[in-house]
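Below, each chain spelled out in residue letters.
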Amino acid sequence: MNTTLIVLASVLTVFIVFRMLMKAKMKSTSLAADHESILTLTDKNFDQQTKNRIVLVDFWASWCAPCRMMIPVLNDVSAELSDKSRVGKVDIELYQSLAQKFKVRSIPTLILFKNGKAVNRFVGVKSKDFLLSEISKVEKMS
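Everything numeric here is computed off the predicted structure, so don't read it as measured data.

Cut-offs and rules
Residues numbered from 1 in each chain as written. Predicted model: local features only at pLDDT ≥ 70, side-chain atom pairs only at ≥ 80, totals over all residues. Heavy atoms only, no water. Helix = DSSP H or I, 4+ residues; strand = E, 2+ residues; numbered from the N terminus. Buried < 20%, exposed > 50% of the residue type's maximum accessible area, 1.4 Å probe, protein only. Lys, Arg positive; Asp, Glu negative; His and termini not counted. Salt bridge = Lys/Arg side-chain N within 4 Å of Asp/Glu carboxyl O. Polar contact = N/O pair within 3.5 Å; in protein donor to acceptor, adjacent residues only side chain to side chain. Contact = heavy atoms within 4.5 Å. Phe/Tyr/Trp six-rings, centres within 6.5 Å; stacked < 30°, edge-to-face > 60°. Lys NZ or Arg CZ within 6 Å of the ring centre and 35° of its normal. Core = buried A, V, L, I, M, F, W, Y, C linked by side-chain atoms within 4.5 Å.

J.: Teacher, can you tell me more about the side chain of Asp91 here?
T.: Among the secondary structure elements, Asp91 is positioned in strand E3 (residues 85–91). Although Asp91 lies buried, it forms no salt bridge, and the closest oppositely charged side chain, Lys89, sits 8.8 Å away as judged by the N-O distance. Engagement of the side chain of Asp91 in a polar contact is seen with the backbone nitrogen of Glu93, the distance being 2.9 Å. When residues no more than four places from it in sequence are discounted, the contact partners of Asp91 are Trp60 and Ala61.

In structure tokens, the structure reads:
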């Protein structure tokens, strides 16, 4: 019994140390730059930037590994969109009120807005083709 507890405590300690090291490494790794057409959304400009257009909004945080995986995908999506659709990003660390308003419980959460209203929601890592397809469906709803 004592041996089992010692082994369990050792494994748990290694796991905790490993997790702390990985989190520190993630924070020190620089982020890829956003595509020039990606909107940086804040609590002050959110309503203005999402009205009268279609906007795929990424709720993310710099410490989130899946969020970092989405950066190149969102850059590619943004590069392929027409003038009537955009990609926007909300840093949930800076704008917690927006995350609460839209009931973001895990990240990355992507919410598709049309004329300021949420029309679809996706949680987790998604492909470029999937996101372009979903945006296209909303564009055709006009």
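From this point, the narrative continues.
J.: How do you make sense of the pattern of salt bridges when you look at a structure like this?
T.: Pairs can form between side chains of opposite charge once their charged atoms are near each other. A complete count under the given rule lists three salt bridges for this structure. One salt bridge connects Asp47 with Lys101, and the closest N-O pair in it is separated by 3.8 Å. Of this pair, Asp47 sits in helix H2 (residues 46–50) while Lys101 sits in helix H4 (residues 96–101), placing them 54 residues apart in sequence.

J.: Can you walk me through the packing of aromatic side chains in this structure?
T.: Geometrically, a pair of aromatic rings is defined through the distance of the ring centres and the angle of the planes. In the structure shown here, the tally under the stated rule is five aromatic pairs. Here the aromatic rings of Phe102 and Phe113 are separated by 5.1 Å at their centres, their planes lie at 85°, and the arrangement is edge-to-face. Of this pair, Phe102 sits in the loop between H4 and strand E4 (109–114) while Phe113 sits in strand E4, and the two are eleven residues apart along the sequence. Each member of the pair, Phe102 as well as Phe113, carries the same accessibility label: buried. Judged by centre distance (5.1 Å) and plane angle (85°), the rings of Phe122 and Phe130 are edge-to-face. By relative accessible area, Phe122 is classed as buried at 6%. Taken together, the ring pairs in this structure connect Phe46, Phe59, Phe102 and Phe113 into an aromatic cluster. Geometry around Trp60 places Lys89 over its ring, the cationic atom sitting 4.5 Å from the centre.

J.: Is there a simple way to think about unusual backbone geometry in this case?
T.: Phi is mostly negative for residues that are not glycine, and the peptide bonds are mostly trans. At the junction of Ile107 and Pro108, the peptide bond is cis and its omega measures out at 0° in the coordinates. Among the secondary structure elements, Pro108 is positioned in the loop between H4 and E4. Phi at Lys103 takes a positive value of approximately 55°, unusual for a residue other than glycine. Relative to the assigned elements, Lys103 resides in the loop between H4 and E4. On the basis of relative accessibility, which here comes to 52%, the residue Lys103 falls in the exposed class. Positive phi, normally seen in glycine, also occurs at Asn115, with a value near 55°. Mapped onto the fold, Asn115 is located in the loop between E4 and strand E5 (117–123).

J.: Help me understand the environment of Ser97, please; the structure alone is not making it clear to me.
T.: Examined against the element boundaries, Ser97 turns out to sit in helix H4. Ser97 sits 55 residues away from Thr42 along the chain, and the two C-alpha atoms are 9.7 Å apart.

J.: Before we go on, may I ask you to explain the nonpolar core in this structure?
T.: Soluble globular proteins: nonpolar side chains tend toward being buried together. Membership of the largest hydrophobic core comes to 19 residues, with the highest contact counts inside it found for Phe46, Val57, Phe59, Val90, Phe102, Val104 and Ile107. Among the elements of the structure, strand E2 (54–60), H4 and E4 are those that each provide at least two residues to this core. Residue contributions to this core peak at four residues, all from E2. Among residues more than four places away in sequence, those in contact with Phe102 are Phe46, Phe59, Ile111, Phe113 and Arg121.

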